[in-house]
Amino acid sequence: MNVRNCQLPTKEIIRDKILGCWIGKNIGGTLGGPFEGKTCINNLTWYERDPGGSPLPNDDLDLQLMWLDMAEFYGVEHLTLRHFGEMWLNCLIGPWGEYSNCRYNCLCGFFPPLSGACDNDGLNRSNGAWIRAEIWACLCAGKPDEAIRFAWMDACCDHITDGIYAEMFISAMEAAAFCISDIRELIRIGLSKIPDQCRLRDSIELVIAGYDAGKPWQMVREEVMELNADMGWFQAPGNVAFVVIGLLYGEGDFAKTVCTTVNCGDDADCTGATAGALLGIILGATAIPADWKEPIGDAIAVHSLDKFSMPIGWPQTVTELTDRVIRLREIGELHDLRSVIPDEDFHSRGIAEKLWHRSSYELEFDLLFAKIGVEYLDKPYLSPGVSSRIRIMVSDSDIRTGVIKFRWQLPENWQSACRSFFIGTRNFCNSEIVTELTPPQDLPDAMMYVGLEVSSDLHDYPTIVTVPFRRNGSASFPRFAPDRDGNAIRRHDAHLGWINKFRNDIQH
């Protein structure tokens, strides 16, 4: 299939596809919600119970409403990793897993991508990122390479490696789905945006091979479980593979796709929501079957955002969400007419490869006249008296020819072999230097902050950026065992029932 020089459909069709994306997201999330965390195979053919026009709340959608608000307030073209981190701090109240770890890291100054890499073991390749890819696909319809750029910025907030690749894979497929309807071709496009050697690719290719061999989806699902048994529950490679099972075995049928996906189990609300969103883009809202669409209604249910901290506020309905995304696209078109021109080659790997090779242990400081990067070559963890290497990078400098001057503001008893140094610059050329810092033997605090003065031959006054470090082994986040069989939920419900009965007895 020729996927070069594809054309976007008309604006009316694009709107119908975006609306279908969000309706499909709500349908799949509501279908799978009651089965989240159960590792057995399910046998659903419709909703467990009629939603009655009230979809279940789902953080898959919540965080995308937060990103929508951020993009509207700051402008899509201005977004930086700091914007993502600040929105996470101010607007997200979900206390669970990698979301909580990201929040704590940002509070300490470990902004993205450090927030996803530091002290996040066991959760940094999980499902939290790829489930929120739709906003970038809708804003970058027909432009997979642009969608994966935002997907990387999003996913690195709380993930690394496979956790990031998963969102790149999904966002590329969904962005391309505005122009292409063939499922196999969309999967090939998604695979072109992830490395050749990673667990995510192995899991997806296992599904493709099983489907082509004519194996039942249940058998392929068990093979995926076996391949990823060492990773455990709620991990991206296995659950994205379940989405691919639904897409292939669903064969373009909306009901069959979302039900097969949810029936694979595990993180069933996330997998069902993503499969529903992709089919919603392909089919458009008007073609989603009425017996799935009408029970879900138009409402949006939110449970993990702080409405008092949102700069603009989240949409109340799927229709409003669609209209606001369309408005952002129109604003983007005013800034750059190329934003409505699809990528020339949907399979190109150049931008994706650059994203794969970006370090998860760096911070970026935008000083307007240049971007200053600080990469922790030995990770940002300090041990008493042990030197730590730091790479200082300069990019996007608008200084024609000159130097940028740096000087460490060292705390008492800290040492550096190169306290002051210079980096030569030319217009928009990248330059770097490696230096090191040695902390004292006494490290009483869990977090330490070192100032780095930055000035240039055109800026005699120094700008000071703050470089954070964490004492090695000082952070310990709680680990919660998954409630695979729903026992904790049943105990909780029974406890609430007992409390309500006690209150009623007192009142009467």
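Once a new chain begins, its residue numbering starts again from 1 and follows that chain's sequence as written. Local features are withheld for residues below a pLDDT of 70 in this predicted model, meaning they are given only at 70 or higher, and side-chain atom pairs are given and counted only at 80 or more; totals for whole chains, interfaces and linings count all residues. Values reported for side chains reflect all heavy atoms of the structure, with hydrogen atoms and water molecules removed beforehand.

A. Fine view of the pattern of salt bridges. A pair is scored as a salt bridge if a Lys or Arg side-chain nitrogen falls within 4 Å of a carboxyl oxygen belonging to Asp or Glu. The tally for this structure, following the rule as stated, stands at 29 salt bridges. In this structure, the salt-bridge partner of Asp 162 is Arg 125, at a minimum N-O distance of 3.1 Å. On the criterion of sequence distance, the pair formed by Asp 162 in helix α8 (residues 161-176) and Arg 125 in the loop between α5 (114-117) and α6 (134-139) is long-range, its members being 37 residues apart. Relative accessible area serves as the criterion here: at 4%, Asp 162 is assigned to the buried category. Residue Asp 145 is joined to Lys 193 by a salt bridge in which the shortest nitrogen-to-oxygen separation is 2.7 Å. Strands are runs of DSSP state E lasting at least two residues, helices are runs of H or I lasting at least four, and both sets are numbered from the N terminus onward. Three exposure classes are used, based on accessible area relative to the maximum for each residue type with a 1.4 Å probe and protein chains only: buried under 20%, partly exposed in between, and exposed over 50%.

B. Quick peek at unusual backbone geometry. Residue Pro 112 is joined to Pro 113 through a cis peptide bond whose omega torsion reads 5°. Of note, Pro 113 is situated in the loop between α4 (97-107) and α5. Its identity is not glycine, yet Asp 119 carries a phi of approximately 45°, on the positive side. Within the element layout of this structure, Asp 119 appears in the loop between α5 and α6.

C. Layout of the sheet that holds strand β2 (residues 371-376). Only strands that DSSP links by at least two bridges are regarded as paired with each other. With respect to topology, four strands assemble into an open sheet ordered β1-β2-β4-β7, the strand pairing being antiparallel. The open sheet has two edge strands with one neighbour each: β1 (362-366) and β7 (431-437). Mean inter-strand twist for the sheet, computed between neighbouring axes without regard to direction, equals 20°. Two elements, strand β4 (residues 388-395) and β7, share seven bridges in a ladder whose sense is antiparallel. What sits directly across from Ile 390, in β7, is Thr 435. Only C-alpha atoms enter the line fits that serve as axes; for helices the fit covers just the stretch in contact. Angles between N-to-C directions range over 0 to 180 degrees.

D. Looking closely at the packing of helix α1 (residues 11-32) against helix α2 (residues 59-74). Closest axis-to-axis distance for the α1/α2 pair is 10 Å, and the angle between their directions is 145°. Along the contact surface, α1 presents Trp 22, Lys 25 and Asn 26, while α2 presents Asp 60, Leu 61 and Gln 64. Three classes are used, and their members are as follows: Ala, Val, Leu, Ile, Met, Phe, Trp, Tyr, Cys and Pro are nonpolar, Asp, Glu, Lys and Arg are charged, and the others, Gly among them, are polar. Within the contact of α1 with α2, the residues separate by chemical class into two nonpolar, two polar and two charged. Two residues qualify as a contact provided that any one of their heavy atoms is within 4.5 Å of a heavy atom in the partner residue.

E. Spatial organisation of the environment of Phe 254. With respect to the helices and strands, Phe 254 occurs in helix α13 (residues 254-263). The class of Phe 254 is buried, set by a relative accessible area of 2%. For the pair Phe 254 and Trp 292, spaced 38 residues apart in sequence, the C-alpha separation works out to 9.0 Å. Residues in contact with Phe 254, not counting those within four places in the same chain, are Gly 24, Ile 27, Gly 276, Leu 279, Leu 283, Ile 288, Pro 289 and Trp 292.

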